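Structural overview
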Amino acid sequence: MKYLHEYIVESTANNLFKNSPCLNMAATMAQRLSQLRGISNFLTATTPMLVPACTLSKRNIKAYKDGGKEQKRVWAPRIKKTIFEEKKQDAEFLSRVPEDSIYLMELFPESEFSLQDAIKLQKDYADPFIMNNMDGVIYLDILCNMRTKKQTKFISEFTERLFFPNPFEVELPRRCLVICKTEEEALTAQRLGAVFAGDETIAQRLDRKKGDITANDYDIVLCTNEMQDALFNYRNLLKNNYPSEETFSLDNDVEKMMLKQKESVSFTCKKEGSLGRIQIPIGQLNLEIDQITENYDFFFSTLLKHPKVAQVRPGENFVTSARLLVPPCPEQLKLKVDELRRIDTPVNKRKAPQKDSTSEKVDSDSFTGDLLMSA
């Protein structure tokens, strides 16, 4: 008895190529396709995009085992990983040094650069005769360790907003919601680009049940000192977006707050399993190297003081790797370990706990705390 897909292939080939000089080729094609033993394999072999990759989830596996063979399998789409841990390489590979300036990169370890050398190289790539991108934005691509003391618990995602000591121009989402008292202040905020501006009626629209403004409708919340009481009941809803003087979001001058927020830069540590990733701009190529370095140090000092960073497993680094890049240039320059440990904080000095008092003393170079290594 023929399989269904074999019958379809052969009958289609006979109808299309009957009395045709291509009959032999059609017969050969039908014979090869008929070797497939299932219609799903046939579809996957011819049009792989039509059959998405699926896997049996852990919950469904347990239900399948508990229910016996009669239990129907339920398939869930496979989640594609976007954060990959760097491969661990042996000492022999890491000790290889190319003898010539031209070599196969796959046969040698990746080159590492100091922060200043990486910036200089990116400026060379941005030369008007090469990339012509002297106003390009410098980004850090950072790989993080999200493991904690407990093996089954990981650091959750977090977001932070910064104001660098050396501001620069970068296009980022800065949709502002302004709570002010007078109509004149509301018009000023709207003129400067606020998506919502008004008195306590705007604050009431933040209510989870009765309101129509959600967290996806704004990025920054600004408030005047007079209207702080009207926003107090929504502090748990706003969380990190609750106005404060430290983030320049609480002031009587609405225009000053709006202009200051244009200099703000936010980053999010996205989590995937035990790994995290941060991508943040730290400057432009038209800035001086000392200014970019100052922004770099300011970012890491802020990151390492975050309360969630302190939850990392003792003796392990929070930041495991980092690269410096300037889109659209494809070069991603890996930073040296020394550059990742520039900031001296109490978190960096933390060591792994000793099992007993008689154990050997731990070398201070073995544990360097929660500092960056390279992505």
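Residues numbered from 1 in each chain as written. Predicted model: local features only at pLDDT ≥ 70, side-chain atom pairs only at ≥ 80, totals over all residues. Heavy atoms only, no water.

Examining the overall build of the protein chain
- Per the secondary structure count, the protein chain includes 12 helices and 12 strands.
- When burial is assessed residue by residue, the protein chain has 35% of its 375 residues classed as buried.
- Across the protein chain, contacts joining residues at least 24 apart in sequence account for 72% of those joining residues at least 6 apart. (Helix = DSSP H or I, 4+ residues; strand = E, 2+ residues; numbered from the N terminus. Buried < 20%, exposed > 50% of the residue type's maximum accessible area, 1.4 Å probe, protein only. Contact = heavy atoms within 4.5 Å.)

Here we look at the packing of helix 6 (residues 115–125) against helix 12 (residues 289–304)
- At a closest axis distance of 11 Å, the pairing of helix 6 and helix 12 adopts a crossing angle of 125°. Taken together, helix 6 and helix 12 sit at an angle that is classed as oblique. Regarding helix 6 and helix 12, the two cross each other, and that crossing is right-handed. Listed contacts from helix 12 to L115, Q116, I119, K120 and K123 of helix 6 are I289, I292, T293 and Y296.
- Among the residues making up the contact of helix 6 with helix 12, the classes are represented as five nonpolar, two polar and two charged. (Axes fitted to C-alpha atoms, helices over the stretch in contact; angles between N-to-C directions. Parallel < 35°, antiparallel > 145°, perpendicular 65-115°, else oblique. Left-handed = near helix turned anticlockwise from the far one by under 90°. Nonpolar A, V, L, I, M, F, W, Y, C, P; charged D, E, K, R; others polar.)

Overview of the confidence of the model for the protein chain
- Here the protein chain averages 77 in pLDDT, while 70% of its residues score no lower than 70.
- Here residues 35–58 scores under 50 on pLDDT; set against residues more than four positions off or in separate chains, the count is 29 contacts. (pLDDT = per-residue confidence, 0-100.)

Considering the sheet that holds strand 6 (residues 176–179)
- Across the sheet, three strands lie side by side as 7-6-8; this open sheet has parallel pairing. Bordering the open sheet on either side are strand 7 (196–198) and strand 8 (220–223), each of which pairs with just one other strand. Sheet twist, expressed as the average angle between the axes of neighbouring strands with direction ignored, equals 15°.
- In the sheet, strand 6 pairs with strand 8 via four bridges, with the strands oriented parallel. (Pairing = 2+ DSSP bridges.)

Section: helix 6
- Inspection of helix 6 places L115, A118, I119 and Q122 among the buried residues, and these make up the whole buried set. One face of helix 6 carries all of its buried residues, which in axial projection span an arc of 100°. (Arc of directions from axis to C-beta.)

Notes on the nonpolar core
- Residues L140, I142, I278, I280, F299, L303 and F318 are the most contacted members of the largest nonpolar core, which totals 42 residues.
- Counting residues per element, this core draws most heavily on helix 12, which supplies seven residues.
- Those residues within four positions of L140 in sequence are excluded, and the remaining contacts are I278, Q279, I280, I282, Y296, F299, F300, R323, L324 and L335.
- Core analysis: the second largest hydrophobic core is formed by 16 residues, I179, I202, V221 and C223 among them. (Core = buried A, V, L, I, M, F, W, Y, C linked by side-chain atoms within 4.5 Å.)

Observations regarding the side chain of T224
- Structurally, T224 can be placed in the loop between strand 8 and helix 9 (228–231).
- When sequence neighbours within four positions are dropped, the list of residues in contact with T224 reads I179, C180, K181, E185, L250, D251, N252 and V254.

Focus on the packing of aromatic side chains
- Within this structure, the stated rule accounts for nine aromatic pairs.
- Relative to F298, the ring of F164 lies with its centre 5.9 Å away and its plane at 65°, an arrangement referred to as edge-to-face. Here the residue F164 occupies a position in the loop between strand 5 (158–162) and strand 6, and F298 occupies one in helix 12, the gap between them amounting to 134 residues.
- Seen from the ring of F232, R235 lies directly overhead, with NZ or CZ sitting 3.9 Å from the centre.
- In this arrangement the basic side chain of K260 is found over the ring face of F248, its NZ or CZ atom lying 4.8 Å from the centre. (Phe/Tyr/Trp six-rings, centres within 6.5 Å; stacked < 30°, edge-to-face > 60°. Lys NZ or Arg CZ within 6 Å of the ring centre and 35° of its normal.)

Observations concerning the sheet that holds strand 10 (residues 275–284)
- Within the open sheet, the seven strands sit side by side as 3-12-11-4-10-9-5. Their pairing is mixed. The sheet is open, and its two edges are formed by strand 3 (112–113) and strand 5, each paired on a single side.
- Note that strand 4 (residues 137–145) and strand 10 share nine bridges and pair antiparallel. Each bridged residue has a counterpart across the sheet, and for L143 the counterpart in strand 10 is R277.

What to know about the environment of C269
- Mapped onto the secondary structure, C269 falls in strand 9 (residues 265–272).
- With 111 residues separating them along the chain, C269 and F158 place their C-alpha atoms 5.5 Å apart.
- When residues no more than four places from it in sequence are discounted, the contact partners of C269 are C144, M146, E157, F158, G276, R277, I278 and F318.

Some points on the environment of L259
- Position of L259 among the secondary structure elements: in helix 11 (residues 254–261).
- Judged by its relative accessible area of 41%, L259 is partly exposed.
- Between the C-alpha atom of L259 and that of A189, which follows or precedes it by 70 residues, the distance is 9.8 Å.

Section: the pairing of strand 9
- Summarising the sheet, strand 5 and strand 9 pair through five bridges and their orientation is antiparallel. Looking at the pairing, T159 lines up with T268 of strand 9.
- As defined by bridge partners, strand 9 adjoins strand 10 across three bridges and the pair is classed as antiparallel. From the neighbouring strand, K271 faces strand 10, where its bridge partner is G276.
- From the end of strand 9 to the start of strand 10, which pair antiparallel, there are two residues, and G273 there has a positive phi angle of about 70°.

Quick word on the pattern of salt bridges
- Taken as a whole and judged by the stated rule, the model has nine salt bridges.
- The shortest N-O distance in the salt bridge between E92 and R96 comes to 3.2 Å.
- Among the charged side chains, a network of salt bridges with common partners joins R147, R313 and E316. (Salt bridge = Lys/Arg side-chain N within 4 Å of Asp/Glu carboxyl O.)

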